[in-house]
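Commentary on secondary and tertiary structure
Here is what each chain is made of, one letter per residue.
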Amino acid sequence: MVHSAKEVLMIEPARFYSNPQTVDDNAFQLAPPDEGQGSMQVRASLEFSEYKRTLEEAGVRVRLYRDYVQNDTPDSIFPNNWFSTHHSSVCIVYPMMAANRRRERRPDIINDLRHRYHDFLDLTEYEKEGKILEGTGSLVLDRLNRIAYASLSQRTNSELVALWAERMNYRTVQFRSFDRFGKEIYHTNVMMSIGTGFSAVCLDAISDEAQRKAVVKSLESSGHEVLALSLEQVSHYCGNMIELQSLSGEELLVMSR
């Protein structure tokens, strides 16, 4: 078993804009006041095409789907929030906070996933109870050591983290984190990532000393070098990175420019 994948699934945006249903707790999505939806979609399409090309040139296989304009799903380019895939042929579908994000769970994609993954776990029923867990936005996974790190928020419910871990035979490290303005960080993967032998994490975002020490202890005891990110670096999206592999087995670290 390896930590990183050689293939990714990407959704090409059709109507990308700042989502009014998620803007309250997502400090990253605010748009310049003079930029409308049309120009934002153009920029998003260009960035997406460049991103896909860069991955493919680096040797990563890309499975591409195109979003539907009529769905009006501005955050559809983040499918990792509504499903995740795992070794031993497991696919998990997650409960989402925003109503328009729930529309991202397209039947055609789900059917394709069912053909590739035999053990299908659907957690969406918990939306009725207001319990949310947004995939690998909420959970940063050490797949080799079976440890799930979770920064609790309105999008990351502690009970569902525990349920997920029980079903997947993981242990959990739960904590709370806050940005440079003292606002609760909405997704774990904007302040933490895990690769082979290292973890980049913003320890300054974890204000509780006991929780901060527990994170460091867990990472170090599982063989990870801890790379401490600053709150300023997190504000520039440095925490949101992913380790992939090329088809030839070369390790790649993918992050925003």
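Whatever comes next refers back to the structure up there.
Predicted model only: the values in this text are computed from it and were never measured. (Residues numbered from 1 in each chain as written. Predicted model: local features only at pLDDT ≥ 70, side-chain atom pairs only at ≥ 80, totals over all residues. Heavy atoms only, no water.)

**What to know about the pattern of salt bridges**
In a structure, side chains of opposite charge can pair up when their charged atoms sit close to one another. Per the counting criterion, the structure on display carries 19 salt bridges. A salt bridge links E56 to K52, with the shortest nitrogen-to-oxygen separation between them at 3.0 Å. With E56 and K52 both in helix α1 (residues 37-57), this residue pair falls four residues apart, about one helical turn. With relative accessibility at 38%, the residue E56 sits in the partly exposed group. Note that R176 and E184 form a salt bridge whose closest N and O atoms lie 3.2 Å from each other. (Salt bridge = Lys/Arg side-chain N within 4 Å of Asp/Glu carboxyl O. Helix = DSSP H or I, 4+ residues; strand = E, 2+ residues; numbered from the N terminus. Buried < 20%, exposed > 50% of the residue type's maximum accessible area, 1.4 Å probe, protein only.)

**Quick word on the sheet that holds strand β10 (residues 198-201)**
Here three strands make up an open sheet; going across it, the order is β9-β10-β11 and the pairing mixed. Where the open sheet ends on each side, the last strands, each with one partner, are β9 (192-195) and β11 (225-228). Each adjacent strand pair in this sheet contributes to an overall mean axis angle of 15°, direction not counted. Across the sheet, helix α6 (residues 209-221) touches β9, β10 and β11, and the angle it forms with β9 is around 10°. (Pairing = 2+ DSSP bridges. Axes fitted to C-alpha atoms, helices over the stretch in contact; angles between N-to-C directions. Contact = heavy atoms within 4.5 Å.)

**Looking at the pairing of strand β13 (residues 251-254)**
Residue alternation in β13 divides its side chains into a buried set, L252 and V254, and an unburied set, E251 and L253. Here four bridges tie strand β12 (residues 242-245) to β13, and the two strands are oriented antiparallel to one another. Within β13, the residue paired with I242 across the bridge is V254. Between the end of β12 and the start of β13, which pair antiparallel, lie five residues, with G249 showing a positive phi angle near 100°.

**Quick look at the sheet that holds strand β5 (residues 119-122)**
Sheet strands pair via backbone hydrogen bonds, and the direction of the pair is either parallel or antiparallel. As summarised here, the arrangement of the three strands in space is β3-β4-β5, forming an open sheet in which the pairing is mixed. Single-partner strands in this sheet number two, and they are β3 (83-86) and β5. Strand-to-strand twist in this sheet, taken as the mean axis angle between neighbours without regard to direction, amounts to 15°. Of the strands in this sheet, β3, β4 (90-93) and β5 are in contact with helix α3 (residues 107-116), which crosses β5 at around 140°. Across the sheet, helix α5 (residues 158-168) is in contact with β3, β4 and β5; its angle to β4 comes to roughly 165°.

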